[in-house]
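Understanding the architecture of this molecule
Residues per chain are reported as follows:
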Amino acid sequence: MCPTSSIHKCLSCFDAVVDVTKFSAKPDGESNSAMAFIQACNAACKSSTGPSNLVIPPGRFMVGKTIFKGPYSSNPVTVEIQETILANSNMSEFGGRACLLFQDVDGLTVLGGGIFDGQGQSTWLYSNYRSPDNCNSPLSISIKVQKVTNAVIWDTNLVNSKGFHMTITSCSNFVVERLNITASENSLNPDEKHISCSDQVRVSNSIIRTSDDCISIGEGLSNVNISGITCGPGHGIR
């Protein structure tokens, strides 16, 4: 895992670089590139030569449910988002689950300055999701990280998730820095970033501009450090 102070230096040190377009991902904002992402990630993460880089190049890549599930090789992998990933606007694509799921990975870095657009507006239009009787509808999470160790999420932008923007659960040695989360004031989002059942988590130098809790703290946590957060107009950190 690259320390945040050495991110740019690390980008030149990969033994394998895998571009999702080589697996037929299409940057047209319409074609579902989920399977191409999964195949490219498998190719990158199973590299036995050393650290690998999964590149999502400039363009607008639409994806449905995309699962990056290890365990992979013992070598770290970096996911570089250079422009935009769009969540499929069709809710049935997710079944209330995450759009991007990283699970059972040791040595993960996500960076690149790109945007993950949850396209939540397509969900907010439906009156049944606005009903007080349906406030717990299973809206999909933009990015879910589960059972991941030695990870960095750095310089990443999340906008207009259908549900949570990001959840971190059952993780260890996890750093989040320069995260920018934005949602419309009309969004139905619950807490924007949720952390639970994890150890040694640091969240810093980030901006969260949403209408609910900026960061929600769940149970089963130890050694969590949160600092340098610009939060509002939501409810803060709790």
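How each quantity is defined
- Residues numbered from 1 in each chain as written.
- Predicted model: local features only at pLDDT ≥ 70, side-chain atom pairs only at ≥ 80, totals over all residues.
- Heavy atoms only, no water.
- UniProt positions renumbered as here; feature names shortened; annotations may be inferred.
- Disulfide = S-S within 2.5 Å.
- Helix = DSSP H or I, 4+ residues; strand = E, 2+ residues; numbered from the N terminus.
- Buried < 20%, exposed > 50% of the residue type's maximum accessible area, 1.4 Å probe, protein only.
- Expected span 1.5 Å × (residues − 1).
- Salt bridge = Lys/Arg side-chain N within 4 Å of Asp/Glu carboxyl O.
- Contact = heavy atoms within 4.5 Å.
- Polar contact = N/O pair within 3.5 Å; in protein donor to acceptor, adjacent residues only side chain to side chain.
- Core = buried A, V, L, I, M, F, W, Y, C linked by side-chain atoms within 4.5 Å.

If you check an unreviewed UniProt entry, the chain appears there as Pectate lyase superfamily protein domain-containing protein from Camellia sinensis var. sinensis. The Sequence similarities (unreviewed entry) comment attached to the chain in UniProt states, word for word, "Belongs to the glycosyl hydrolase 28 family."

1. Observations concerning the state of the cysteines
Applying the stated criterion across every chain, the model contains one disulfide. In this model Cys 214 forms its disulfide with Cys 231; the gap between the sulfur atoms is 1.7 Å. A torsion of 90° about the S-S bond marks the disulfide between Cys 214 and Cys 231 as right-handed. Of this pair, Cys 214 sits in the loop between strand E14 (199-209) and strand E15 (215-217) while Cys 231 sits in strand E16 (residues 222-231), placing them 17 residues apart in sequence. What makes Cys 231 partly exposed here is its relative accessible area of 32%. Here Cys 45 stays unpaired: no disulfide links it, and the sulfur of Cys 41, its closest cysteine neighbor, is 3.4 Å away.

2. A closer look at helix H2 (residues 34-45)
Side chains three or four residues apart in an α-helix point the same way, a direct result of the helix having 3.6 residues per turn. The terminal C-alpha atoms of H2, which comprises twelve residues, lie 16 Å apart, in line with the 16 Å expected from a rise of 1.5 Å per residue. Looking only at H2, the buried set comprises Ala 34, Ala 36, Phe 37, Ile 38, Ala 40, Cys 41, Ala 44 and Cys 45.

3. A look at the pattern of salt bridges
Using the criterion set out here, one finds three salt bridges in the structure. Put simply, Lys 69 and Asp 104 hold a salt bridge, and the shortest N to O gap is 3.2 Å. Here the residue Lys 69 occupies a position in strand E5 (residues 66-69), and Asp 104 occupies one in strand E8 (residues 100-111), the gap between them amounting to 35 residues. One salt bridge in this structure joins Asp 155 and Arg 178, with 3.7 Å as the shortest N-O distance. Residue Asp 155 is located in strand E10 (residues 143-159), and its partner Arg 178 is located in strand E12 (residues 172-182); the two are separated by 23 residues in the primary sequence.

4. Some remarks on unusual backbone geometry
Pro 71 follows Gly 70 through a cis peptide bond whose omega is 5°. Mapped onto the elements of the fold, Pro 71 is located in the loop between E5 and strand E6 (77-81). In the Ramachandran plot, Asp 104 falls in the positive-phi region, its phi being about 55° despite a non-glycine side chain. In this model, Asn 150 sits at a positive phi of 55°, which is unusual for a non-glycine residue. Assignment of secondary structure puts Asn 150 in strand E10. In this structure Asn 150 comes out as partly exposed when scored by relative accessible area, which is 27%.

5. Describing the side chain of Ser 33
Here Ser 33 is to be found in the loop between strand E2 (28-32) and H2. With sequence-adjacent residues up to four places away left out, Ser 33 is seen in contact with Ala 25, Lys 26, Phe 61, Met 62 and Val 63.

6. Here we look at the side chain of Ser 142
Looking at the secondary structure, you find Ser 142 in the loop between helix H4 (127-130) and E10. Reaching out from Ser 142, the side chain makes a polar contact with the side chain of Ser 161 at a distance of 3.0 Å. In contact with Ser 142, other than residues within four places in its own chain, are Cys 99, Leu 100, Phe 116, Gly 118, Ser 161, Phe 164 and His 165.

7. What to know about the nonpolar core
Side chains of a nonpolar character, in soluble globular proteins, are inclined to be buried together. Core analysis: the largest hydrophobic core is formed by 49 residues, its most contacted members being Phe 37, Phe 102, Leu 108, Val 148 and Phe 174. With seven residues, H2 is the single largest residue contributor to this core. Leaving out residues up to four positions away in the same chain, Leu 108 has contacts with Val 77, Val 79, Phe 102, Val 148, Thr 149, Asn 150, Ala 151 and Val 152.

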